[in-house]
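# Coordinates in review
Spelled out from the first residue to the last, the chains are:
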Amino acid sequence: MPTFVRSGIPNQRRQSRFLICLLMTFVMAWQVGSSIEAADRPPNFILIFADDLGYGDISCYDSSGVKTPHLDQLAAEGFRSTDFFVPANVCSPSRAALLTGRYPMRCGMPVARNENVAKYKDYGFAPDEITIPELLGPAGYRSLMVGKWHLGMELEGSHPLDAGFDEYFGIPSNYEPRRGKNHNTLYRGKQVEQKNVACEELTKRYTDEVIDFIKRQKDDPFFVYVSHHIVHNPLKPSPDFVGTSEKGKYGDFIKELDHSTGRIMQTIRDAGLDENTLVIFTSDNGPTRNGSSGELSGGKYCTMEGGHRVPGMFRWTSKIAPNQVSDVTLTSMDLLPLFCQLAGVPIPDDRQIDGKNILPVLLGKTSESPHQFLYYYNGTNLQAVREGKWKLHLPRTTDDQPFWSKKPDKTKGFVTLNEMRLFNLDRDLGEKKNVADRHPEIVARLKQQAELIRTELGDVQTIGTDQYPIRLSNPQER
C-alpha cells in the first residue's frame, strides 16, 4: 500500500502544493496539448453542481420534468450528455471524486460524512489529495466555491481553503439539525458570516456571491464551483418560487435552481465573457423518492443507473457546437483533466487520475468514450462493472451494503444478489432483463475485470493496492 503524509500545517501544505504545481506548469506545459492558441487567455470555468437532482427531473432530459427554460437553453447552446456517470451515489464521495478526478476508494472518501456522529470526527478530505483549484492556481486562476462542502470543513486540513480555493462562502454540510450545531451556520472563508441562516435565503445569497465574483474577476481567469443544496431535503425554496411549479416544493426548488443558473449566465454575457467561459451543469448523484430518474431504475443510495447517471451539460459558445446530444460515456472525474488541458496545466503524474481527456468528444471530433470500464461502488462495496453497453451486477449480501442501502426498497435496486446479472443498457436501460445466460463470455470478461479492480481499489473485505486508507472503523456501518 502506498504511504501518504497526513501531518503538517494546512497552509504549509497548500504553499508546497502551489510551488509544485507552479514548477510543473513551467517545466511540463510544453507536453500538454491545448485547443487554444498560446497567446489566448485560457477559458474561465463555472461548474454548477446540483444536489440529489435526478436524470428525469428537468425538462431538457424528460418532457415530464420540471420546466427549466434556462437549463434547457444552456443544453441547447452546447453539449448535452445522456450518459454522464458519477462514481458515487451519495454526497461526500461524489464531491471528493469531482475535485480530484479519482474514484472515491482511491482518494480516501468512499462513504458520506456526518458531522454529528462521533466516529466521523477524524474522517474528511485528505490533505494530500490534489484538487482542481490547486492545479489551476499556478496558471493564474482565482477560485471561488459557494455552497455545501460536506468533506469535513471543521477537520484540520479539510476546509475548502485548505483544498485550494481562494474564496469560500457556504455551510459545512446538509441543512439539517442532525448534521450538528453548525448545520445552519454560514461561513465566509473560515470565519462565521451568520448563524441560524434561513435555508430559504441560501440559493440567492450563493448566486449573488458568484455574480459579484465574476464582476470582480472578469479581467483574469477564474474557476467557480457552485455547490447547491437544491434539491436535497429540506425542501425550502425561497418565497418567490413557492407555487411556481406543478410538482410542489420539490419542483419549486428546481425552478429556483433554474433561475439561479439564468442569473449566472446573464452575468457572463453582461461581462463580455460569453465566448471564453466553459459552463458545466451536473448533479452529485441520483434522486431520492421525491425526484425522478426518468427511464432509469433506482436512484440515490444504489448502483442502478438511476443512482449514478445524472444530467451533464457543457456550454462554451466559441468552441463547443450547439444542439449536441451525445450518448458517449463521460464522467464527473473527467472535469479535472479537461480543465487542466484547457488551462495548459499538466495533470499530476505521481498518482492515478481516473478522469480522461474528453475534449475531443465535446468538440465533436470523436464519438468514442475514453472509458473502457466503469466501476460502481456502494460505499466500499464493489457492486457492478460496466463496459460500454454491458453492465454486470455482482453478488452482494446485506452485510456488504452500506448502512443507507441495507433495507429493501423499490428505489434501492438489488439489496441482496445471489448470482451475477448482466444487462444490455442499449436495449434495457431500466436494468430489467438479465441476459447473463446468453453471454457467458461477457460475464467472464467483466467478472475478471471486477477481480482486477477489487485488487487495486479494494472492497468490503479487501484492502486495495491503490486504495487510500479510510479513517473509519467499519465504514459501511453508521
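Structure: see above.
The sections below set out a description of the structure shown in this document. Keep in mind that what you see is a predicted model, and the values were worked out from it rather than measured.

Attention now goes to the pattern of salt bridges. Enumeration over the complete set of coordinates arrives at 34 salt bridges. Measuring nitrogen to oxygen at the nearest pair gives 2.6 Å for the salt bridge that ties Arg289 to Asp409. A residue pair is termed long-range when its members are at least 10 positions apart, and Arg289 in the loop between strand E8 (277-283) and helix H8 (305-308) and Asp409 in the loop between strand E14 (390-393) and strand E15 (421-424) qualify at 120 residues. Among the charged side chains, a salt-bridge network with shared partners connects Asp83, Glu305, Arg309, Arg386, Lys391 and Glu431.

This paragraph deals with the pairing of strand E1 (residues 44-50). Burial runs high along E1: seven of the seven residues are buried. Burial of the side chains of E1 extends over both faces: Asn44, Ile46, Ile48 and Ala50 are buried on one face and Phe45, Leu47 and Phe49 on the other. Here E1 runs beside E8; their pairing, made up of seven bridges, is parallel. Counted as the bridge partner of Asn44 is Thr277 from E8. Note that E1 and strand E7 (residues 222-227) share five bridges and pair parallel. The residue of E7 that forms the bridge with Ile46 is Val224.

Attention now goes to the packing of aromatic side chains. Where two aromatic rings form a pair, the distance of their centres and the angle of their planes describe that pair. One pass over the full model with this rule turns up 18 aromatic pairs. Between Tyr103 and Tyr375, the ring centres sit 5.7 Å apart and the planes meet at 55°, which makes this aromatic pair tilted. You can see Tyr103 sitting in the loop between helix H3 (91-100) and helix H4 (104-107) and its partner Tyr375 sitting in strand E12 (residues 374-378), a full 272 residues away along the chain. The pair Tyr103 / Tyr375 is uniform in exposure class, with both members buried. The aromatic ring of Tyr120 is capped on one face by Lys119, whose charged end is 5.8 Å from the ring centroid.

This paragraph deals with the packing of helix H2 (residues 69-76) against helix H7 (residues 248-270). Where H2 meets H7, the closest approach of the two axes is 7 Å, and the angle between their N-to-C directions is 50°. By the angle class used here, H2 and H7 are oblique. Taking contact as the criterion, the partners of Pro69, His70, Leu71, Gln73 and Leu74 in H2 are, on H7, Lys255, Asp258, His259, Thr261, Gly262, Met265 and Arg269. Of the residues that constitute the contact of H2 with H7, the class distribution is four nonpolar, five polar and three charged.

Before going further, it helps to examine the sheet that holds E15. The strand order E12-E13-E14-E15 describes an open sheet built from four strands, whose pairing is antiparallel. Where the open sheet ends on each side, the last strands, each with one partner, are E12 and E15. Across the sheet, the mean angle separating the axes of adjacent strands is 20° when strand polarity is ignored. In this sheet, strand E13 (residues 381-387) lies alongside E12 in antiparallel orientation, the contact comprising five bridges. Its bridge partner lying in E13, Tyr377 is registered against Leu382. Against the sheet, helix H11 (residues 440-457) makes contact with E12, E13, E14 and E15, and its axis sits at roughly 130° relative to E13, the strand it touches most.

Okay, the nonpolar core next. Core analysis: the biggest nonpolar cluster contains 57 residues, and Leu278, Phe314, Leu338 and Phe339 have the highest contact counts within it. The element contributing the most residues to this core is helix H9 (residues 335-343), with seven residues. The residues contacting Leu278, other than those within four sequence positions of it, are Asn44, Phe45, Ile46, Phe314, Arg315, Trp316, Ile320, Leu338, Phe339 and Leu342. Grouped together as the second largest cluster of nonpolar side chains are 49 residues, Tyr55, Leu144, Leu186 and Val226 included.

What counts and how
- Residues numbered from 1 in each chain as written.
- Predicted model: local features only at pLDDT ≥ 70, side-chain atom pairs only at ≥ 80, totals over all residues.
- Heavy atoms only, no water.
- Salt bridge = Lys/Arg side-chain N within 4 Å of Asp/Glu carboxyl O.
- Helix = DSSP H or I, 4+ residues; strand = E, 2+ residues; numbered from the N terminus.
- Buried < 20%, exposed > 50% of the residue type's maximum accessible area, 1.4 Å probe, protein only.
- Pairing = 2+ DSSP bridges.
- Phe/Tyr/Trp six-rings, centres within 6.5 Å; stacked < 30°, edge-to-face > 60°.
- Lys NZ or Arg CZ within 6 Å of the ring centre and 35° of its normal.
- Axes fitted to C-alpha atoms, helices over the stretch in contact; angles between N-to-C directions.
- Parallel < 35°, antiparallel > 145°, perpendicular 65-115°, else oblique.
- Contact = heavy atoms within 4.5 Å.
- Nonpolar A, V, L, I, M, F, W, Y, C, P; charged D, E, K, R; others polar.
- Core = buried A, V, L, I, M, F, W, Y, C linked by side-chain atoms within 4.5 Å.

Treat this as a map of the structure, not an account of what it does.
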